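Spelled out from the first residue to the last, the chains are:
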Amino acid sequence: MHPSISFRLMTYDNFPGAIALKNQAGWNQVEADWELFLKSSPAGCFVAEYENTVIGTATSVNYSERFSWISMVLVDPRFRGQGIARRLMELAIESVKTRGVVRLDASEMGRPLYEKMGFEVECQVVRMLRQPGPLAAHFSEGIMPVSEEIFATICEKDQPIFGAERRFVLDNFRHREEGNSFYKNSGEILSGYCFSRQGTKAFHIGPLVADDEETARQLLFALLEHHTGETIILDTFVHNPDWLAVLADSGFAAVRNITRMSLGQGVSFGIPAKQFALAGLEFG
């Protein structure tokens, strides 16, 4: 590694350099995502610098001391192969190692490094993409925009399904733009909810949580019908072939395979069967 490369905590001043790396990699995050990383984990986000230029990043988010999520491990292609990603990972892991299990979603390129560092496979995730285009006929009943009144109920329902409390993430998502979060009741009982956000390359749907596939389908279409002119992505587990078929029938196609991994003792989190779209590879 070049002796002039340094590592330190990320600051808001590093956002332009971090975003430039993200754009170079073709990722979808926006500045609001970097703000959420740094605001929620100021001691767990790092940069590598060379001649006052950001050449690498790694971030972490902790969920109620149950587990931490590491993401945004980026290195300028000109500096790869020097151990920068490993050092950034070591710093991120050290910052959260006493705060529960360490987890991440690994790309095919990143997985070999994480395996060398002791991460083990939890499950498989797939990124789905829908190109702009009209929707086939559909029927959604009783879908309502998320309000302040229902939000507390959503967070209460979400905690056991996700496996930890993540109110700060959901609250951030719902306040970015109006009309991009919905819920559905079955009678008087909350049966599903969905959040979404705008990215630099595509509109991102997730998390989408529902008690059953039909509720999930209706929530999905409530969002799709407002964004037919945009490229749309979502991340989902591969364990439900019926749901993957719903997505395919709705115009989605698989574009990227992801491996969910964890460091430490194997622990089961949440209820995957009720998670129809994830918050994103960067948030779990």
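Worth saying up front: this structure is predicted, and the values here are computed from it rather than measured.

### So, the pattern of salt bridges
And step 1. This structure, assessed with the given rule, holds 19 salt bridges.
And step 2. Here D235 ties to R127 by a salt bridge, and the two come within 2.7 Å at their closest N and O atoms. With D235 in strand β11 (residues 232–237) and R127 in strand β6 (residues 120–130), the pair connects residues that are 108 residues apart, well separated along the chain.
And step 3. Its relative accessible area of 0% is what places D235 among the buried residues.
And step 4. Salt bridges here are not isolated pairs; linked through shared partners, they connect D33, R176, R197 and E282.

### What to know about the side chain of K184
And step 1. Examined against the element boundaries, K184 turns out to sit in strand β8 (residues 182–186).
And step 2. With residues near it in sequence (within four places) discarded, K184 still touches E141, G142, I143, I189, L190, S191, G192, T215, Q218 and L219.

### Some remarks on the packing of helix α1 (residues 15–25) against helix α2 (residues 31–40)
Describing two packed helices takes the angle between their axes plus the distance from one axis to the other.
And step 1. Two elements in contact, α1 and α2, have axes separated by 11 Å at closest approach and are oriented at 120°. Between α1 and α2, the angle is such that the two are oblique. Here the hand of the crossing between α1 and α2 comes out right-handed. Here F15, A18, I19 and K22 of α1 lie close against α2, whose contacting residues are E31, W34, E35 and L38.
And step 2. Classifying every residue of the contact of α1 with α2 by side-chain character gives five nonpolar, no polar and three charged.

### Observations concerning unusual backbone geometry
Negative phi is the rule for most residues except glycine; trans is the rule for most peptide bonds.
And step 1. Omega for the peptide link from G206 to P207 comes to 5°, which places this bond in the cis form.
And step 2. The residue P207 is located in strand β10 (residues 203–210) in this model.
And step 3. Although it is not a glycine, N52 sits at a positive phi angle of roughly 65°.
And step 4. Its place among the elements puts N52 in the loop between β2 (46–50) and β3 (53–63).
And step 5. Residue N52 is classed as exposed on the basis of its relative accessible area of 75%.
And step 6. For E65, which is not a glycine, the phi torsion comes out positive at approximately 60°.
And step 7. You can see E65 is positioned in the loop between β3 and β4 (67–75).

Cut-offs used in this document
Residues numbered from 1 in each chain as written. Predicted model: local features only at pLDDT ≥ 70, side-chain atom pairs only at ≥ 80, totals over all residues. Heavy atoms only, no water. Salt bridge = Lys/Arg side-chain N within 4 Å of Asp/Glu carboxyl O. Helix = DSSP H or I, 4+ residues; strand = E, 2+ residues; numbered from the N terminus. Buried < 20%, exposed > 50% of the residue type's maximum accessible area, 1.4 Å probe, protein only. Contact = heavy atoms within 4.5 Å. Axes fitted to C-alpha atoms, helices over the stretch in contact; angles between N-to-C directions. Parallel < 35°, antiparallel > 145°, perpendicular 65-115°, else oblique. Left-handed = near helix turned anticlockwise from the far one by under 90°. Nonpolar A, V, L, I, M, F, W, Y, C, P; charged D, E, K, R; others polar.

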